[in-house]
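# Structure assessment
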Amino acid sequence: MQIHQLKPTKKRKKGKRIGRGGKRGTHCGRGIKGQKARAGRKLKPIIREILKKYPKKRGYSFSAKKDYRILNLRDIERAFKEGEKVSPEILVEKRLVRRISGKIPKVKILAKGEITKKLIFENLMFSKSAKEKIEKAGGKILWN
């Protein structure tokens, strides 16, 4: 047998011809009007539209990412024992915060919850009320 003698086992299915009446109706499965109902429908390039909406000014930055993680006092109270040191590296080890693209993030501590243990805090940011609560409990805040 040669290649020109081969025949398909199933018949070829013909594509749907639309706009010819019958059971599919006049809109033929394309809904009513609109861009998707037209012949030769080509959709707008959506990404280009999004890019065009950004201002074309110098110095405009549209990344509103925060480069620090947030942690509450109640989480620190649960995870640490009396007199332990709290730093971003230790928080990553204890899995209280995650890395940001492989790097150890800055961490800000907020005052939700109570703290009773005397802890030593290093290289962390604090809200005003969190700082007061830590100092009231007898904790130390150090900066390197």
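Since this is a predicted model, take the numbers as computed values, not measurements.

Conventions and cut-offs
- Residues numbered from 1 in each chain as written.
- Predicted model: local features only at pLDDT ≥ 70, side-chain atom pairs only at ≥ 80, totals over all residues.
- Heavy atoms only, no water.
- Phe/Tyr/Trp six-rings, centres within 6.5 Å; stacked < 30°, edge-to-face > 60°.
- Buried < 20%, exposed > 50% of the residue type's maximum accessible area, 1.4 Å probe, protein only.
- Lys NZ or Arg CZ within 6 Å of the ring centre and 35° of its normal.
- Pairing = 2+ DSSP bridges.
- Helix = DSSP H or I, 4+ residues; strand = E, 2+ residues; numbered from the N terminus.

One pass over the full model with this rule turns up one aromatic pair. Both rings, one in Phe 121 and one in Phe 126, keep their centres 5.6 Å apart while their planes meet at 85°; by these two values the pair is edge-to-face. Each member of the pair, Phe 121 as well as Phe 126, is classed as buried. In this structure, Lys 94 packs its charged tip against the face of Phe 80, placed 4.3 Å from the ring centre.

So, on to the sheet that holds strand β5 (residues 125–126). Two modes of strand pairing occur in sheets, parallel and antiparallel, and in both the strands are linked by backbone hydrogen bonds. In space, the three strands of this open sheet follow the order β1-β3-β5, with parallel pairing throughout. In this open sheet, the two edge strands, each paired with only one partner strand, are β1 (68–72) and β5.

Once that is clear, we can look at the sheet that holds strand β4 (residues 120–122). Spatially, the three strands line up as an open sheet ordered β2-β4-β6, and their pairing is parallel. Each end of this open sheet is capped by a strand with a single partner; those strands are β2 (85–86) and β6 (140–142). As paired strands, β4 and β6 are joined by three bridges and run parallel to one another. Looking at β6, one finds that Phe 121 is bridged to Ile 141.

Negative phi is the rule for most residues except glycine; trans is the rule for most peptide bonds. Notably, Arg 95 is not glycine yet its phi reads approximately 60°, a positive angle. Tracing the chain through its elements places Arg 95 in the loop between α3 (88–93) and β3 (106–110). Judged by relative accessible area, which is 77%, Arg 95 ranks as exposed. Backbone geometry places Asn 123, a non-glycine residue, at a positive phi of 55°. Inspection of the secondary structure assignment puts Asn 123 in the loop between β4 and β5. Exposure remark for Asn 123: the relative accessible area of 29% places this residue in the partly exposed category.

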